[in-house]
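Examination of the molecular architecture
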Amino acid sequence: MTTQAGTRVPTTDTAHCPARWVRTRLRASPLAALLMAALAFVTVFLAAAFPRIADRGADAALQDFVSQKGLSQSSLQTTSKTQDDDNAVELDRVQRQLTEMVGRQLTLTQPGQAYGTRALGDRGMGNPEYVRIAEKRTDPVLGLLYLHDLTARATLTDGTWPPPGAVGGPLPIVISKKAAETIHIKLGDVIDNGAEGSGAKRTTVVVGLYQVNDPQDPFWEDLGCPARACLRTDPGHEHWMTSGFVDGDSLPAMARWGSNAENFWRLPVDTASLHADQLDRTRSILSSLLIGRDATALAGATGRRDLHTSSGLPDILSRADDRYQASLPLSTIGPAGVAGVATVVLFLAAALTTDRRTAEIRLLRARGGSLAGVLRRLTGEGAVTVLPAAVLGTALALVLLPAPRWDRSVLAALVATLIALLAFPARAALLWARRRAAGGRRRLVGELTVLAVTAAAVAEVRRRGVGTGAGLDPLLVAAPLLLAVTGGLLLARIQPLVVGWLAALAGRGRGLIGFLGLARASRDSSGRRKPSALPLLALLIAVTTTGFGATVLDTVDHVRTRAARIATGGDVGVSLPGYATLTEPFTKAAGALPGVRASTAVWVEPNARIIGADQSYTEAYLVMVVDPAAYAEIARTLGVGELDPAKLAGTSGGRDTPVPALVSRDLAKRLAAGSSQVRTPNGNDLRLTVAGTVGATPALPDPGKPFVVVPAGPAWERLPDAKRVNEWFAVGDVDPEGVRTALRDNSGARPVGLAKLIADDAAAVGKATHGLPAGYTVRSSRETAAALGDDPLQHAAGRLFWYAAAAGAGYALLAVLLTLFRAAPDRTALLARLRTMGLRPRQGLALIVTEALPQTFAAAVGGGLVAVAAVALLGGAFDISTLVGANVGDALTPVLLPVLLPTAGLALLVGLGVALETLVAGRRQIATDLRAGEQS
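Overview of the overall build of the protein
- In terms of helices and strands, the protein carries 27 helices and 21 strands.
- Across the 936 residues of the protein, 50% fall into the buried class.
- Put simply, 81% of the contacts in the protein that link residues at least 6 apart link residues at least 24 apart.
- On the protein, roughly 43400 Å² of surface is accessible, and the fraction owed to carbon and sulfur atoms is 58%.

Following this line, the structure appears as structure tokens:
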């Protein structure tokens, strides 16, 4: 519409439309919106990532634990008696049905699957030309099997594979070429396997020799002795044993040969499919397959009513679950601390935004905006920045850290998103709620409530300890965090008073920087003596949880080292088999090695008898110590069986002169009644006089039965034929390779006879290591500790803690920087005024550092003290055996260094962050303020 003069009049359809609120606000402060989005992204990403990191670590630990138990233990072993019409085709059919039905519920792996038939009775090989062990002259033994697809895992070297369908006459078999060489079996031999009950002879004929392609393949577990001749050392009838294989059409004949036979199917479970969070479901499936409804279904589907399935997997999974549950409290404390610090930082960021926009929000209310309408606008504004960042952070965590369980990650990300989204509107709502607050009474009531809850939580944790097998205990995880919150609130009350008192003292001096910095540190940005507790709380939670976790890991390392030393009997120990003795050149060479602080040789006799005055005897260990003084030093170093070497100072004398002895406590009362003696297995008697009692001894840290310790010198005078030693112990920084070298160079006589056969048999399966004969063992506490610590469950818990410590430190630094940003306008105005009065830039930096230092120092000291207090109050409730790798009774005790190092590191990080923020942003802000004039 236009007028006569041509002027256009605005109409309704062209009236001005106000710009949208969110777009206007984002354009007004794009940097603030970008920073909030970045904070939300990082927080949500960490919230979604930590549960997945924990799941991945637990799954890796479970899979490693199960795989270490061996293929046979981690498989389903299904058996059925062999029937007259059984053959290879029938076994193939049953295998397909078992694989199909079991594979619907459990993930099976193809490598390691094995099935076939085994004779239930092994038979001797009575051919006179076959090798027998000279001492016993026991016939070698043959076991028969049929194994599906044997030709794919073994290579025929001589002869042929067994022909199918052999009827009558000797049963055709193939055996290992190595076994044939050991026992002197020749191709074509008819082996005499004894007689049946009816008197008919059992015979087999060797039609072929083969060589196993990979004798170390786990596939061969529990399949007899297929690759070689194995030495069986059953007491009284040591003999050679090997396995032979028949054709799949000869199963009924093999059953008659062995009096019975058993079909077997081994179905290995894929360890990579096992997950810690699904252990209950997996055990339920296994229980059904072994003894439940699925077991009945398997028997019906295969047509074999006697089908029986067994497995060691349920027991392994139960033990793995116990380990997982025991590690949960220790591995969850770190992420719980990060959650606490992140929550504080989000509320601190909301407080900073509220302070910056207080005038704007009150103006909206003054112009008629309702409380709900204003909060709705603020929530919508935050949703545009927070929600996309939260979705991106969650998706990134799910993609970068694949794990089967996603619900916990999504739930944690949702909680973090809600906090990031609603923190600012909730803080803004307090602008109107503060009018109803009666002074500081509400804060006091809240702090007293937190104190009461913390005291109740600590008392309950100390009363009940760790609930074993009950899963994650939220109270146990929350107790250190509650202690940190309580310490932070208490410190927030104390710090302004202490800093104000220090400011008053600094005001009496000549310098102005210290006074101004301390005075500002004791007040908030409005100048009141009520500085916000949030920055201090964030710092203190980070320091406390980091210090607590560091104490746990340090204690675990020390306890593991001590457990390894006790298990070793020192820092290095040497043990020999019963047929061998340590030579004097070895003991001299080993004792002279670099780092040896004390060493001694020992004879440990496990089958001695202690005879009391009433002539009754007790089975006991006899420990003869060559150097009692060195042995006492070893005991003192280990803290096990500490003794006074003077008590073992025996005198020369005849056979009837008693030898001083230290006895275990269970023997002390019995031997106190009168004279006693110890009798060795060869019939020698040694009279004893009790010189003292000990609970354990380095040579026998966990004896399990009574023992007696005597000096070797006087004992050997009375028993010259007992002059030998079979163990050696040392403490100090000793290289075990040097001990092994000394043992190789000075090992004395080599084993002969049966002992040599045992050594050769052990070497055949790779048991002999480091070039030492079988049974010669060099133990090192360093290597033992490394073996105890080589556990993915321990590594996962440690990694999770250090990730949490790094994240907590980052959030603590961010809390301090947000506090500086919050006070930046007031501080900038003050510095600008002071610059006009001659304040130098270096003094301005000193002022800002002085202002931030009290809070950082208070948080570092307070957090360290709270961490020590948390360890002292809660340490007894934590079981660290799982992280140590051995059953230990040690409780967590306060240690200064593990708390001091992360505390000092965090304080240094925060100080560097403050200095960097001042150098980068402070100078530019001051220059801008000087050019623009006074604006405060």
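Let's pick the thread back up.
Examining the confidence of the model for the protein
- Overall, the predicted model of the protein reaches an average pLDDT of 82, with 86% of residues at or above 70.
- Overall, residues 1-7 carries pLDDT values under 50, and its contacts beyond four positions in sequence, including any with other chains, amount to 7 contacts.
- With pLDDT under 50 throughout, residues 525-529 is counted as low confidence; its partners more than four residues away or in other chains account for 8 contacts.

A word on the state of the cysteines
- Inspection of the entire model under this criterion finds 1 disulfide.
- Each disulfide pairs two cysteine sulfurs, and for Cys 225 the partner residue is Cys 230, the sulfurs being separated by 1.7 Å. Judged by the sign of its S-S torsion, about 85°, the cystine formed by Cys 225 and Cys 230 is right-handed.
- Residue classification places Cys 230 among the buried positions, given a relative accessible area of 7%.

Let's talk about the pattern of salt bridges
- Summed over the entire model, instances satisfying the criterion amount to 27 salt bridges.
- In this structure, the salt-bridge partner of Asp 217 is Arg 153, at a minimum N-O distance of 3.1 Å. Here Asp 217 is found in the loop between strand S8 (201-212) and strand S9 (230-232), whereas its partner Arg 153 is found in the loop between strand S4 (141-147) and strand S5 (154-159), with 64 residues between them in sequence.
- Judged by relative accessible area, Arg 153 falls into the partly exposed class, the value being 25%.

With respect to the packing of aromatic side chains
- If you walk through the whole model with that rule in mind, you get 5 aromatic pairs.
- Each ring, one from Phe 41 and one from Phe 45, has its centre 6.3 Å from the other, and the planes form 20°; the classification is stacked. Residue Phe 41 and its partner Phe 45 are both found in helix H2 (residues 30-67); the two are separated by 4 residues, about one turn of the helix.
- For Phe 45, a relative accessible area of 21% gives the class partly exposed.

A closer look at the side chain of Arg 266
- Mapping Arg 266 onto the fold places it in strand S11 (residues 261-268).
- Nearest to the buried, unbridged Arg 266 among oppositely charged side chains is Asp 222, at 5.9 Å.
- From its side chain, Arg 266 meets the backbone oxygen of Gly 112 in a polar contact 3.1 Å long.
- If sequence neighbours within four positions are ignored, Arg 266 has contacts with Leu 71, Ser 72, Ser 75, Leu 76, Gln 77, Gly 112, Gln 113, Ala 114, Pro 218, Phe 219, Glu 221 and Leu 223.

Notes on the packing of H2 against helix H10 (residues 371-400)
- In the contact formed by H2 and H10, the axes pass within 7 Å of each other and the chain directions differ by 30°. Taken together, the axes of H2 and H10 lie roughly parallel to each other. The element H2 and its partner H10 pack so that their crossing is right-handed. Facing H2, whose interface residues are Ala 33, Met 36, Ala 37, Ala 40, Phe 41, Val 44, Phe 45, Ala 48, Ala 49 and Arg 52, H10 presents Thr 385, Val 386, Ala 389, Ala 390, Leu 392, Gly 393, Thr 394, Leu 396, Ala 397, Leu 398 and Leu 400.
- Of the residues belonging to the contact of H2 with H10, the class tally is 17 nonpolar, 3 polar and 1 charged.

Examining a nonpolar patch on the surface
- Among the surface-exposed residues, Leu 490, Ile 494, Leu 497, Val 498, Trp 501, Leu 502 and Leu 505 lie close enough to one another that they form a single nonpolar patch of about 670 Å² accessible area.
- Take Leu 490: it is sitting in helix H13 (residues 474-507).

A short note on helix H16 (residues 584-591)
- Every buried residue of H16 is listed here: Phe 586, Thr 587 and Ala 590. Within H16, the buried residues cover an arc of 95° as seen down the axis, which keeps them to one side. Across from the buried face of H16, at angles greater than 90 degrees, the exposed residues are Glu 584 and Lys 588.

Thoughts on the pairing of strand S1 (residues 75-81)
- The buried count for S1 comes to 6 of 7 residues, which makes it a mostly enclosed element.
- Inspection of the sheet shows S1 paired to strand S12 (residues 308-310) by 3 bridges, in the antiparallel sense. Residue pairing for S12: Thr 78 is matched across the bridge by Thr 309.

Some points on helix H8 (residues 313-356)
- Its 44 residues place the ends of H8 62 Å apart at the C-alpha level, agreeing with the 64 Å of an ideal helix rising 1.5 Å per residue.
- The sharpest bend along H8 comes to roughly 40°, located at Leu 328, with the proline Pro 329 sitting one to four residues further on.
- The buried count for H8 comes to 32 of 44 residues, which makes it a mostly enclosed element.

As for the nonpolar core
- Counting 77 residues, the largest nonpolar core has Ile 541, Phe 548, Tyr 811, Phe 878 and Ile 880 as its most contacted members.
- Non-local contacts of Ile 541, meaning those with residues more than four positions away in its chain, are made with Gly 337, Gly 340, Val 341, Val 344, Leu 481, Ala 484 and Val 485.
- Grouped together as the second largest cluster of nonpolar side chains are 54 residues, Met 125, Ile 183, Leu 274 and Leu 317 included.

A look at the environment of Arg 493
- Along the chain, Arg 493 turns up in helix H13.
- For Arg 493 and Ala 533, which are 40 residues apart along the polypeptide, the C-alpha to C-alpha distance reads 8.4 Å.

Some remarks on unusual backbone geometry
- In this structure, His 184 takes a positive phi of about 75° despite not being glycine.
- Mapping His 184 onto the fold places it in the loop between helix H4 (177-183) and strand S7 (190-195).
- Judged by relative accessible area, which is 41%, His 184 ranks as partly exposed.
- For Asp 222, which is not glycine, the phi dihedral falls at a positive 60°.
- For Asp 222, the position within the fold is in the loop between S8 and S9.

Description of the pairing of strand S6 (residues 171-176)
- Of all the 6 residues making up S6, 6 are buried; the element is thus mostly covered by neighbouring parts of the structure.
- In terms of strand pairing, S6 meets S8 through 6 bridges, oriented parallel. Residue pairing for S8: Ser 176 is matched across the bridge by Tyr 210.
- Of the strand pairs in this sheet, S6 and strand S10 (residues 239-245) are connected by 2 bridges, and their pairing is antiparallel. Along S10, the bridge assignment pairs Ile 175 with Gly 244.

Reading guide: rules and limits
Residues numbered from 1 in each chain as written. Predicted model: local features only at pLDDT ≥ 70, side-chain atom pairs only at ≥ 80, totals over all residues. Heavy atoms only, no water. Helix = DSSP H or I, 4+ residues; strand = E, 2+ residues; numbered from the N terminus. Buried < 20%, exposed > 50% of the residue type's maximum accessible area, 1.4 Å probe, protein only. Contact = heavy atoms within 4.5 Å. Areas by Shrake-Rupley, 256 points an atom, 1.4 Å probe, with all protein chains shown as cover. pLDDT = per-residue confidence, 0-100. Disulfide = S-S within 2.5 Å. Salt bridge = Lys/Arg side-chain N within 4 Å of Asp/Glu carboxyl O. Phe/Tyr/Trp six-rings, centres within 6.5 Å; stacked < 30°, edge-to-face > 60°. Lys, Arg positive; Asp, Glu negative; His and termini not counted. Polar contact = N/O pair within 3.5 Å; in protein donor to acceptor, adjacent residues only side chain to side chain. Axes fitted to C-alpha atoms, helices over the stretch in contact; angles between N-to-C directions. Parallel < 35°, antiparallel > 145°, perpendicular 65-115°, else oblique. Left-handed = near helix turned anticlockwise from the far one by under 90°. Nonpolar A, V, L, I, M, F, W, Y, C, P; charged D, E, K, R; others polar. Patch = residues over 30% accessible without salt bridge, like charges linked within 9 Å, V, L, I, M, F, W, Y side chains within 5 Å. Arc of directions from axis to C-beta. Pairing = 2+ DSSP bridges. Expected span 1.5 Å × (residues − 1). Bend = angle between axes of the 7 residues up to and from the residue. Core = buried A, V, L, I, M, F, W, Y, C linked by side-chain atoms within 4.5 Å.

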